[in-house]
Amino acid sequence: MQELSHWIDGKHVKGTSGRFADVFNPATGEVQARVPLASKAELDAAVASSAKAQVTWGATNPQKRARVMMEFVRLINRDIDKLAEALSREHGKTIPDAKGDVQRGLEVIEFCIGAPHLLKGDYTDGAGPGIDMYSMRQPLGVVAGITPFNFPAMIPLWKMGPAISCGNAFILKPSERDPSVPLMLAELLQEAGLPDGICQVINGDKESVDAILDNPTIQAIGFVGSTPIAEYIYGRGCTNGKRVQCFGGAKNHMIIMPDADMDQAADALVGAGYGAAGERCMAISVAVPVGDATADALIAKLIPRIEKLKVGPYTAGADVDYGPLVTAAAKERVLGLIGSGIEQGATLAVDGRGFSLQGYENGFFVGPTLFDNVTTDMDIYQQEIFGPVLSTLRAKTYEEALGYAMDNQYGNGTAIFTRDGDTARDFASRINVGMVGINVPIPVPLAYHTFGGWKKSGFGDLNQHGPDAFRFYTRTKTVTARWPSGLKEGGEFHFKQMD
Ligand code: NAD
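An account of the accompanying structure is given in this report. (Residues numbered from 1 in each chain as written. Predicted model: local features only at pLDDT ≥ 70, side-chain atom pairs only at ≥ 80, totals over all residues. Heavy atoms only, no water.)

With respect to topology, three strands assemble into an open sheet ordered 1-5-4, the strand pairing being mixed. The two strands at the open ends of the sheet, each matched to only one other strand, are strand 1 (2-3) and strand 4 (20-25). As defined by bridge partners, strand 4 adjoins strand 5 (residues 30-36) across six bridges and the pair is classed as antiparallel. Bridge pairing links Ala-21 to Val-35 in strand 5. Helix 3 (residues 80-91) rests against strand 4 and strand 5 of the sheet, and its axis sits at about 105° to strand 4. (Pairing = 2+ DSSP bridges. Helix = DSSP H or I, 4+ residues; strand = E, 2+ residues; numbered from the N terminus. Contact = heavy atoms within 4.5 Å. Axes fitted to C-alpha atoms, helices over the stretch in contact; angles between N-to-C directions.)

Contacts to the ligand come from 26 residues, most closely from Thr-147, Lys-173, Glu-176, Ser-226 and Glu-384. Between an oxygen atom of the ligand and a side-chain N or O atom of Lys-173, the distance comes to 2.7 Å. Its free accessible area being 850 Å², the ligand has 86% of it covered by the protein chains. When atoms are counted within 2 Å of each cavity's grid points, the one that captures over half of the ligand is the largest pocket. If you list the elements that add at least two residues to the shell around the ligand, you get helix 8 (206-214) and strand 11 (218-224). When its residues are assigned to classes, the shell around the ligand shows 13 nonpolar, nine polar and four charged. For the shell around the ligand, the two domains that each supply at least three residues are domain 1 (2-248 + 457-479) and domain 2 (252-438). (Near = heavy atom within 4 Å. Polar contact = N/O pair within 3.5 Å; in protein donor to acceptor, adjacent residues only side chain to side chain. Areas by Shrake-Rupley, 256 points an atom, 1.4 Å probe, with all protein chains shown as cover. 1 Å grid on protein atoms, 1.4 Å probe; cavity = no way out; pocket = protein on both sides within 12 Å on 5 of 7 lines; lining within 4 Å. Sits in = over half its atoms within 2 Å of the grid points. Nonpolar A, V, L, I, M, F, W, Y, C, P; charged D, E, K, R; others polar. Domains from an automatic or database assignment.)

Time to look at the environment of Leu-83. Structurally, Leu-83 is set in helix 3. Owing to a relative accessible area of 1%, Leu-83 belongs among the buried residues under this scheme. Each C-alpha atom of the pair Leu-83 and Glu-30 lies 20 Å from the other, and the pair is 53 residues apart in sequence. If we skip the residues at most four places from it in the chain, Leu-83 touches Ile-76, Val-102, Val-181, Met-184, Leu-185 and Leu-188. (Buried < 20%, exposed > 50% of the residue type's maximum accessible area, 1.4 Å probe, protein only.)

Let's shift gears to the nonpolar core. Phe-72, Ile-76, Met-160, Ile-164, Leu-189 and Ile-233 are the most contacted members of the largest nonpolar core, which has 90 residues in total. Structurally, this core is a two-domain feature, drawing no fewer than three residues from each of domain 1 (2-248 + 457-479) and domain 2 (252-438). Among all residues touching Ile-76, those that are not within four sequence positions of it are Leu-83, Val-102, Leu-106, Leu-157, Leu-185 and Leu-188. Of all hydrophobic cores here, the second largest spans 60 residues; its members include Ala-268, Ala-277, Tyr-322 and Ala-415. (Core = buried A, V, L, I, M, F, W, Y, C linked by side-chain atoms within 4.5 Å.)

Below, the discussion takes up the pattern of salt bridges. Enumeration over the complete set of coordinates arrives at 29 salt bridges. A salt bridge links Asp-214 to Arg-236; its shortest N-O distance comes to 2.5 Å. Of this pair, Asp-214 sits in helix 8 while Arg-236 sits in helix 9 (residues 227-239), placing them 22 residues apart in sequence. Its salt-bridge partner being Arg-305, residue Asp-263 comes within 3.0 Å of it at the nearest N-O pair. With Asp-263 in helix 10 (residues 262-274) and Arg-305 in helix 11 (residues 292-307), this pair connects stretches of sequence that are 42 residues apart. Exposure remark for Asp-263: the relative accessible area of 35% places this residue in the partly exposed category. (Salt bridge = Lys/Arg side-chain N within 4 Å of Asp/Glu carboxyl O.)

Right, let's get into the layout of surface pockets. Size it by volume and the largest pocket reaches roughly 950 Å³. Pro-148, Phe-149, Gly-225, Ser-226 and Ile-229 are the residues nearest the centre of the largest pocket, which is lined by 41 residues in total. For the lining of the largest pocket, the secondary-structure elements that each account for two or more residues are helix 8, strand 11, helix 9 and helix 12 (328-343). Looking at which element gives the most residues to the lining of the largest pocket, the answer is helix 9, with five residues. In terms of residue class, the lining of the largest pocket is made up of 20 nonpolar, 12 polar and nine charged. (Points joined across faces, edges and corners; volume = space filled by probe spheres on them.)

For Ser-50, the position within the fold is in helix 1 (residues 40-59). Overall, the relative accessible area of 0% leaves Ser-50 in the buried class. A polar side-chain atom of Ser-50 sits 3.1 Å from a polar atom in the side chain of Gln-200. Excluding residues within four positions of it along the chain, Ser-50 makes contact with Val-142, Ala-169, Ile-171, Gly-197 and Gln-200.

Moving on, we get to the pairing of strand 20 (residues 435-438). Judged by which residues are buried, strand 20 turns out to be one-sided: Met-435 and Gly-437 face inward and are buried, whereas Val-436 and Ile-438, on the alternate face, are not. Strand direction decides the pairing type here: strand 19 (residues 413-417) and strand 20, joined by four bridges, are parallel. Paired with Ala-415 across the strands is Gly-437, a residue of strand 20. Following the backbone out of strand 19, through helix 15 (residues 421-430) and into the adjacent parallel strand 20, one traces a crossover that is right-handed. (Right-handed = clockwise from strand over helix to strand, strands pointing away.)

Overall, the coordinates contain eight aromatic pairs when judged by the stated rule. A centroid spacing of 6.1 Å and a plane angle of 20° characterise the contact between Tyr-123 and Tyr-134, whose relative ring orientation is stacked. Within this pair, whereas Tyr-123 is found in strand 6 (residues 122-128), its partner Tyr-134 is found in strand 7 (residues 131-139), the two being separated by 11 residues in sequence. A relative accessible area of 30% means that Tyr-134 is categorised as partly exposed. Their ring planes at 85° and their centres at 5.0 Å tell us that Phe-472 and Tyr-473 sit as a pair that is edge-to-face. Across the pair, Tyr-473 and Phe-472 agree in class, each one buried. Its end group placed over the ring of Phe-20, Arg-34 keeps NZ or CZ at 3.6 Å from the ring centre. Over the face of the ring belonging to Phe-151 we find Lys-93, whose NZ or CZ atom lies 4.1 Å from the ring centre. (Phe/Tyr/Trp six-rings, centres within 6.5 Å; stacked < 30°, edge-to-face > 60°. Lys NZ or Arg CZ within 6 Å of the ring centre and 35° of its normal.)

See the structure below:
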């Protein structure tokens, strides 16, 4: 059995806690590796080492730091097939989807090549007589990222790129479900010229997360994962005086107006609802057709498309639309929620239970499932399912549909499908959700914009990637400088006006 490691000070380091977690191949159900779970002592030692290394890295000029990112981009492109294969083997998503996972992370590293420009600061010449004033953006020191299983390349890259190019040392605690790609990325950073100790990968579970939360050297934490853990990390991290941003779960609504192109809407829903087995924080999990005629037409278009979806292992390449769920526990939870939907009175339009694939009987597969006539009190509506299950919530009017999305506890992503500009504009303006698609089902912003949800999907005041990341990973220092000339005055006992 393969034993994975941590990555500390530029080397693979075996775990010493004696605790391990199993890493599965979700397509076969087999355990393919075990990953060490770090103790508080292991985490603290890695942080102490990072703190020493950060002093030199923080003082390295930003252009030299950016050149490491430039080379990192080249190396990720060189190894993208290898990264995608390792990602699919542990996560279960298809190879094209795994490449997308790497690609959307890579785009943030490309953005980080512009760090010297983003870190330039502000300058006021002649703020007063002989007085200049300037603000610098300085690194925080040692910062940490805690990331989820569902994007094991993209989200670590979203964190490590900005944190490191701002001059910080970065401690990554990736998901224990699929830790291999984060380790490979750390190796590539070293090959790109990053000094040892500036990117450490510490594998672990709650013990290492708590050690991060309580370590006084760690200045900032970026978390992505489920909402209960996001709330916990935000609360404890802030109480300990750290800068914290946490991105949580989601329940993304797509409103389908009667004037929408129904084929386009159905195609969009199938991709956004079932892609990556629904294990995306930006997946559409609730379709909200406006009017019964729209709902009936939509369901009629959806059923044949859903029944044609091909579910299977990543080794089948591009022939498969989506793969298994990440663990047996995830599969059981999704099946339980489907059962609750039936019990609570929703109409099961496509039943994905009982899905089985010859040769992969022990894999964590769930077939695509569609519910109609869902109501807001049902568990399948209240909870984030994080599986290949799409719920249809019928609305009589646009205002009712808008109200459903606005009243939901989550506010990550949403979409509207319509041909009417007024409605689209009204929706974009009024909706209390962080990322909005107009005839775009998964509106993930590009690297130079920022990514973040509202309500229970995001905690903290800055988003991920884009310019916000450079604010999150730096702090501002403002210098007021005067170089007096001529006769020196005596002491001053009042604030001087800048006249
Ligand atoms: P998770 O919350 O179970 O785990 C996320 C991280 O927290 C992992 O590194 C895990 O080891 C750690 N963790 C888990 N339990 C913990 C505990 N009790 N104490 C301390 N740390 C703990 O999430 P997941 O299942 O890996 O990922 C899926 C979730 O992430 C979904 O809810 C999804 O919507 C969300 N997500 C959100 C975004 C976003 O940007 N909003 C992006 C991707 C995923």
